[in-house]
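What follows is the residue order along each chain.
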Amino acid sequence: MELKRVVITGLGALTPIGNNISNYWRSLVEGVSGAANITHFNAGKFKTRFACEIKGFDPLLYFDRKELRKYDDYTIYGLVSADEAIKDSGLKLDDIEKSSVGVIWGSGIGGIKTFSYEVGEYIRGGENPRFNPFFIPKMIADIAAGIISIKYGFQGPNFATVSACASSSHAIIDAFNYIRLGKASVFVCGGSEASVHPAGVGGFNALKALSTNNDHPKKASRPFDLNRDGFVLGEGSGALILEDYSHAVARNAKIYGEVVGGGMSADAHHITAPHPEGKGAVIVMTNALSDAKINPSDIDYINVHGTSTPLGDVSEMKAIHSVFREHVYSLSISSTKSMTGHLLGAAGAIESIACILALNDGVVPPTINLSHLDPGLDKRVNYTANVAQNKELKYALCNTFGFGGHNASIVFKKMEN
């Protein structure tokens, strides 16, 4: 069976450094940090009092008040980025065969704000406590996928991927596989997260996973740096339109690039910590390259998982050295989480978008806040420290690794004329 080619024809983003694709990409290239003191709630009692929140976003510009009452923030974010991607794709919704369009959407946590609020309201409810009838459909992690399909009438495959920080990367890989197997012509895929909330911050603080650099939040997300002390929590959404190449050409769609490979693996090691030698990461990158039918030496840029945790950055770089060997010194490597923070289940989507735009523009976004390289890391590697770099790119690899040992890697290719 000959597999179909899969291309990207639409992009959408709602991020801490830009509420649409153009602003997001501009901020990445300029090295803008999205970290600031938390405004969503009073964080004074927490060890971490800052995050990468979305800024200047008014949901009433997109939804009426009645509709908003039905959605958790993670679904709102997903709907906004999906709408941007659909419009960007130029799909004519009145003409397209809706049963051939699917939605696969990832979220690591789903409606944590709704869950916390409704349980709290029930506990405070006195003699006759009750739950809101929208509690369950607002909270569950699959509902964003369902709402996107309902809004546009898409009747193809529709489900959610939940694999912690790898969730939206798994959504993209699943969509890629469904299209190349001929199961659908178009997919809306990606992910969203809205975890800047007392439960999110408190829970990750309890794990000692978050940076506590409250005096300098914009400097707190510092992958590869000796002084990194944990990740910075982020929120937002990223959406991609994947499409059968022949379908895209037939409608004269603009094409951003091609998905050529996807890899998946498990660390099978620990519930939160990566394998110290990056064994699962080695497997997933090797699988992705094999699926793409390319050699390690073909990759030009890696958008690393790079969360700014002491263990994670080192283990990922060990894995990269193991897979790419001497070619590692020709690679460009960067962690855009240094700017966006860690969007958990949405990370893979916005970082895949960064890879796609890097291929298009020939620009590698930087790893900001890299002042003193961890002496355990190889200083000969190009970490794209602090300033974006111009470079002709053909292939990019995007890594995402999640709690539970879930690993995903995606290979993107620049579209050739």
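Above this text you will find the structure in question.
What you are looking at is a predicted structure, and each value in this text was computed from that prediction instead of being measured.

(A) The state of the cysteines, seen in detail. Taken as a whole and assessed by the stated rule, the structure comprises zero disulfides. Sulfur of Cys-165: no disulfide; nearest cysteine sulfur belongs to Cys-398 and is 12 Å away. No disulfide involves Cys-355; its sulfur sits 4.5 Å from that of Cys-398, the nearest cysteine. Given a relative accessible area of 0%, Cys-355 falls into the buried group.

(B) Layout of the sheet that holds strand 9 (residues 301-303). Ordered by their spatial adjacency, 10 strands build an open sheet running 5-4-6-7-1-8-14-13-9-10, and the pairing between neighbours is mixed. Strands with a single pairing partner mark the edges of an open sheet, and in this sheet they are strand 5 (158-161) and strand 10 (332-334). Averaged over neighbouring strand pairs, the angle between their axes works out to 25 degrees when direction is ignored. Sheet analysis places strand 1 (residues 6-14) next to strand 8 (residues 257-266), joined by three bridges and oriented antiparallel. Residue pairing in the sheet places Ile-8 in a bridge with Gly-257 of strand 8.

(C) Spatial organisation of the pairing of strand 7 (residues 236-244). Across the nine residues of strand 7, nine count as buried, placing the element largely inside the fold. Of the two faces of strand 7, the one holding Gly-236, Gly-238, Leu-240, Leu-242 and Asp-244 and the one holding Ser-237, Ala-239, Ile-241 and Glu-243 are both buried throughout. Examined bridge by bridge, strand 1 and strand 7 share eight bridges and lie antiparallel to one another. Looking across to strand 7, one finds that Gly-10 is bridged to Ile-241.

(D) Local environment of the packing of helix 10 (residues 279-292) against helix 11 (residues 310-324). Packing of helix 10 against helix 11 brings their axes to within 8 Å, and their N-to-C directions diverge by 45 degrees. With respect to each other, helix 10 and helix 11 are oriented oblique. Crossing of helix 10 over helix 11 shows right-handed handedness. Residue-level contacts link Ala-281, Val-282, Met-285, Thr-286 and Leu-289 of helix 10 to Ala-319, Ile-320, Ser-322, Val-323 and Phe-324 of helix 11. Residue composition of the contact of helix 10 with helix 11, by class: eight nonpolar, two polar and no charged.

(E) Broad picture of the nonpolar core. Grouped together as the largest cluster of nonpolar side chains are 46 residues, with contacts concentrated most on Ile-8, Leu-11, Tyr-24, Leu-240, Leu-242 and Phe-412. Aside from chain neighbours lying at most four places away, what touches Leu-11 is Ile-21, Glu-84, Ala-85, Asp-88, Ala-239, Leu-240, Tyr-256, Ile-353, Ile-356 and Leu-357. Counting residues in hydrophobic clusters, the runner-up holds 31 residues, among them Ile-54, Leu-68, Leu-91 and Ile-96.

(F) Seen up close, a nonpolar patch on the surface. A contiguous nonpolar patch, built from Met-1, Leu-3 and Leu-181 and spanning about 340 Å² of accessible area, is present on the exposed surface. You can see Leu-3 is positioned in the segment before strand 1. Owing to a relative accessible area of 39%, Leu-3 belongs among the partly exposed residues under this scheme.

(G) Main features of helix 3 (residues 73-89). Relative to the 24 Å expected for 17 residues at 1.5 Å per residue, helix 3 spans 24 Å between its end C-alpha atoms, a close match to the ideal helical length. Within two residues after helix 3, Gly-90 carries a phi angle of roughly 75 degrees, on the positive side.

(H) Spatial organisation of the packing of aromatic side chains. All told, the structure shown has 14 aromatic pairs when counted by the stated rule. Between Phe-63 and Tyr-71 the ring centres are 6.0 Å apart and the planes differ by 75 degrees, which places this aromatic pair in the edge-to-face class. In this structure, Phe-63 and Tyr-71 share a single accessibility class: buried. Ring geometry for Phe-115 against Phe-135: centres 6.1 Å apart, planes inclined by 35 degrees, an arrangement best described as tilted.

(I) Main features of helix 13 (residues 347-361). The terminal C-alpha atoms of helix 13 lie 21 Å apart, and with 15 residues this matches the ideal 21 Å at 1.5 Å per residue to within 8%. Counting buried positions over the 15 residues of helix 13 gives 13, a clear majority of the element. Residue Gly-362 follows helix 13 closely and has a positive phi angle near 65 degrees.

(J) Just unusual backbone geometry, in detail. Even without a glycine there, the phi angle at Arg-325 is positive, about 50 degrees. Locating Arg-325 in the fold gives a position in the loop between helix 11 and strand 10. Unusually for a residue other than glycine, Asn-369 sits at a positive phi of about 65 degrees. By the secondary structure assignment, Asn-369 is in the loop between strand 11 (363-364) and strand 12 (389-390). Here Asn-369 falls in the buried class, since its relative accessible area comes to 6%.

(K) Geometry of the environment of Cys-398. Topologically, Cys-398 is positioned in strand 13 (residues 395-402). Taking relative accessible area as the criterion, Cys-398 reaches 0% and is therefore assigned buried. With 48 residues separating them along the chain, Cys-398 and Ile-350 place their C-alpha atoms 10 Å apart.

(L) Seen up close, the pattern of salt bridges. Using the criterion set out here, one finds 16 salt bridges in the structure. Here Asp-244 and Lys-4 are joined by a salt bridge, their closest N and O atoms 4.0 Å apart. Here Asp-244 is found in strand 7, whereas its partner Lys-4 is found in the segment before strand 1, with 240 residues between them in sequence. Given the relative accessible area of 9%, Asp-244 is considered buried. With a closest N to O distance of 3.2 Å, Asp-73 and Lys-113 form a salt bridge. With Asp-73 in helix 3 and Lys-113 in helix 4 (residues 112-123), this residue pair connects regions lying 40 residues apart in the sequence. The partly exposed category is assigned to Asp-73, whose relative accessible area is 22%. We classify Lys-113 as partly exposed; its relative accessible area is 41%. Because the salt bridges share partners, they merge into one network encompassing Arg-228, Asp-313 and Asp-374.

What counts, and where the lines are drawn
- Residues numbered from 1 in each chain as written.
- Predicted model: local features only at pLDDT ≥ 70, side-chain atom pairs only at ≥ 80, totals over all residues.
- Heavy atoms only, no water.
- Disulfide = S-S within 2.5 Å.
- Buried < 20%, exposed > 50% of the residue type's maximum accessible area, 1.4 Å probe, protein only.
- Pairing = 2+ DSSP bridges.
- Helix = DSSP H or I, 4+ residues; strand = E, 2+ residues; numbered from the N terminus.
- Axes fitted to C-alpha atoms, helices over the stretch in contact; angles between N-to-C directions.
- Parallel < 35°, antiparallel > 145°, perpendicular 65-115°, else oblique.
- Left-handed = near helix turned anticlockwise from the far one by under 90°.
- Contact = heavy atoms within 4.5 Å.
- Nonpolar A, V, L, I, M, F, W, Y, C, P; charged D, E, K, R; others polar.
- Core = buried A, V, L, I, M, F, W, Y, C linked by side-chain atoms within 4.5 Å.
- Patch = residues over 30% accessible without salt bridge, like charges linked within 9 Å, V, L, I, M, F, W, Y side chains within 5 Å.
- Areas by Shrake-Rupley, 256 points an atom, 1.4 Å probe, with all protein chains shown as cover.
- Salt bridge = Lys/Arg side-chain N within 4 Å of Asp/Glu carboxyl O.
- Expected span 1.5 Å × (residues − 1).
- Phe/Tyr/Trp six-rings, centres within 6.5 Å; stacked < 30°, edge-to-face > 60°.

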